[in-house]
Amino acid sequence: AQDAFKQVEQVIGVPLDQLLKIPQGEICVAFIAPENPEREKGFVVFIDTKDEVVQARKLLQAAETIAAKNGGNRLTEKFGSHEINVFTNIGKMRVFQVEQDGTFVFATDRAIMETVLANWNGAGLERTLAESEKFTTLMKRCVGAGEGQSQIAWYVDPIALVQRLATGSLASTGLALFPALGLDGLQAVGGTMTFSSGEFDQVQHLHILLDNPRIGVIDAIGLASGDSTPETWVPADCMAYSTIHWDLRHTINVATRLFDGLMGEGQLANQIQTRIGGPLGVDVLAELAPQLSGRATHVQWIERPVRINSPCTIVGLQLKDPKAFKSVFDKVLQKHSAMLEKQRYGTLEY
């Protein structure tokens with residue numbers, strides 16, 4: 001990597017090993033999409049360099065050189081008490097930059113930079129992210145017992161992002177369906193990553209913040225609680241295991257109401273039967289779904305001796321009554337008899 005970087009080093013004037021040392025604290029990247037459609041959208045970046053500030057300033061000189069080659073330059077403007085560098089023609093855009101206490105701030109829009117500096121100096125023109133109830137609700141759940149401070153934290157408000165970036169009549173039509181479908185109930189997604197935490201190499205948290213009460217598509221996510229103890233048939237030497245509990249009846253009822261409301265009476269049932277039930281050989285809604293308890297398990301395992309195709313996948317769908325399911329299963333076997341072969345293992349037939 002150092003050899004390949006030498007051409008870049010000639011441009012920026014900083015070797016790779018020194019470049020990697022420049023960030024000495026927090027690195028923050030944020031995309032800003034203001035509610036006011038007249039305001040520009042853009043990015044803001046913070047890099048804390050501490051005692052590597054001299055090396056960081058060399059990169060600014062390189063940025064000025066790149067801008068000059070593209071017909072741009074570096075200007076200096078006053079933002080209150082701050083002196084701001086404005087680089088033109090950096091990737092066909094203007095970039096605003098300021099340095100304060102060893103921290104470098106970059107923004108792609110003047111109004112964003114003004115807001116950042118005002119908040120930074122205590123003027124409080126707008127609420128900060130740390131004051132957002134959605135952000136704090138998510139982040140306080142992303143800490144586990146015995147874990148140190150996370151190295152990476154991230155947060156997205158997906159619906160606000162779509163609403164503020166959407167343009168054109170087609171996008172407006174799609175956004176108008178959000179409340180009817182309940183998609184605006186997806187309030188935020190966030191998480192953290194912690195490295196070298198006790199006995200673990202890496203710990204990740206992911207939380208999804210949903211509106212309450214849930215409606216529409218969000219309500220159709222019929223997750224349920226239940227026992228997560230691995231089933232007796234799960235091999236102890238498996239390399240991956242996951243299990244989930246799902247209220248299938250609730251999901252089907254809500255999905256039917258939504259889909260049929262848009263496409264016509266009975267359309268979801270027809271689609272399910274055409275795409276799944278027909279190829280399978282059973283009536284999914286009438287015969288198969290009522291037999292499933294809602295617990296599904298996915299296991300990955302390695303078959304010995306180890307070969308390139310050794311990884312195996314095991315999927316288990318828990319039944320309410322295995323004996324009652326036998327007639328349904330026989331239909332599936334009969335439909336696909338040409339592709340199946342019965343074998344025995346001890347007293348079990350499979």
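Everything here concerns the structure above.
Before going into details, it helps to say that this report is about the structure given with it. Quantities reported herein were computed from a predicted structural model and do not represent experimental measurements. (Residues numbered from 1 in each chain as written. Predicted model: local features only at pLDDT ≥ 70, side-chain atom pairs only at ≥ 80, totals over all residues. Heavy atoms only, no water.)

1. Digging into the nonpolar core
1) Next: Val44, Phe79, Ile84, Val86, Phe96, Val98, Val105, Ala107, Ile112, Met113, Val116 and Leu117 form the largest nonpolar core, which has twelve residues in total.
2) Next: When contributions to this core are tallied by element, the ones reaching two or more residues are strand S4 (82-87), strand S5 (95-100), strand S6 (103-107) and helix H4 (110-120).
3) Next: Broken down by element, this core gets its largest block of residues, four residues, from H4.
4) Next: Sequence-distant contacts of Val105, that is, excluding residues within four places in its chain, are made with Val44, Val45, Phe46, Phe96, Gln97, Val98, Met113, Val116 and Trp120.
5) Next: One finds Ile22, Ala56, Phe87 and Val95 within the second-largest nonpolar core, a separate group that totals seven residues. (Core = buried A, V, L, I, M, F, W, Y, C linked by side-chain atoms within 4.5 Å. Buried < 20%, exposed > 50% of the residue type's maximum accessible area, 1.4 Å probe, protein only. Helix = DSSP H or I, 4+ residues; strand = E, 2+ residues; numbered from the N terminus. Contact = heavy atoms within 4.5 Å.)

2. Some words on the pattern of salt bridges
1) Next: In total, this model carries eleven salt bridges according to the counting rule given.
2) Next: For Asp48, the salt bridge is made with Lys50, and the minimal N-O distance between the two is 2.9 Å.
3) Next: With relative accessibility at 17%, the residue Asp48 sits in the buried group.
4) Next: On the accessibility criterion, Lys50 (45% relative accessible area) is partly exposed.
5) Next: Residues Lys331 and Glu287 are paired through a salt bridge, measuring 2.5 Å at the closest nitrogen-oxygen approach. Here Lys331, found in helix H12 (residues 322-335), pairs with Glu287, found in helix H11 (residues 284-288); they are 44 residues apart in sequence, far enough to count as distant.
6) Next: Judged by its relative accessible area of 39%, Lys331 falls in the partly exposed class.
7) Next: Members of the salt-bridge network, linked through shared partners, are Lys342, Arg344 and Glu349. (Salt bridge = Lys/Arg side-chain N within 4 Å of Asp/Glu carboxyl O.)

3. Quick word on the sheet that holds strand S1 (residues 27-32)
1) Next: The strand order S1-S2-S6-S5-S4-S3 describes an open sheet built from six strands, whose pairing is antiparallel. Of all strands in the sheet, those with a lone pairing partner are S1 and strand S3 (74-79), marking the two edges. Between one strand axis and the next, the sheet turns through 20° on average, direction left out of account.
2) Next: Here S3 runs beside S4; their pairing, made up of six bridges, is antiparallel. Across the sheet, Lys78 pairs through a bridge with Glu83, a residue of S4.
3) Next: Sheet strands in contact with helix H3 (residues 53-69) are S3, S4, S5 and S6, and its direction is about 25° off that of S6. (Pairing = 2+ DSSP bridges. Axes fitted to C-alpha atoms, helices over the stretch in contact; angles between N-to-C directions.)

4. Examining the pairing of strand S2 (residues 42-48)
For a regular strand, side chains alternate in direction, first toward one face of the sheet and then toward the other.
1) Next: Pairing between S1 and S2: six bridges, direction antiparallel. Paired with Phe31 across the bridge in S2 is Phe43.
2) Next: Of the pairings in the sheet, the one linking S2 to S6 comprises five bridges and is antiparallel in character. Bridge pairing links Val44 to Ala107 in S6.

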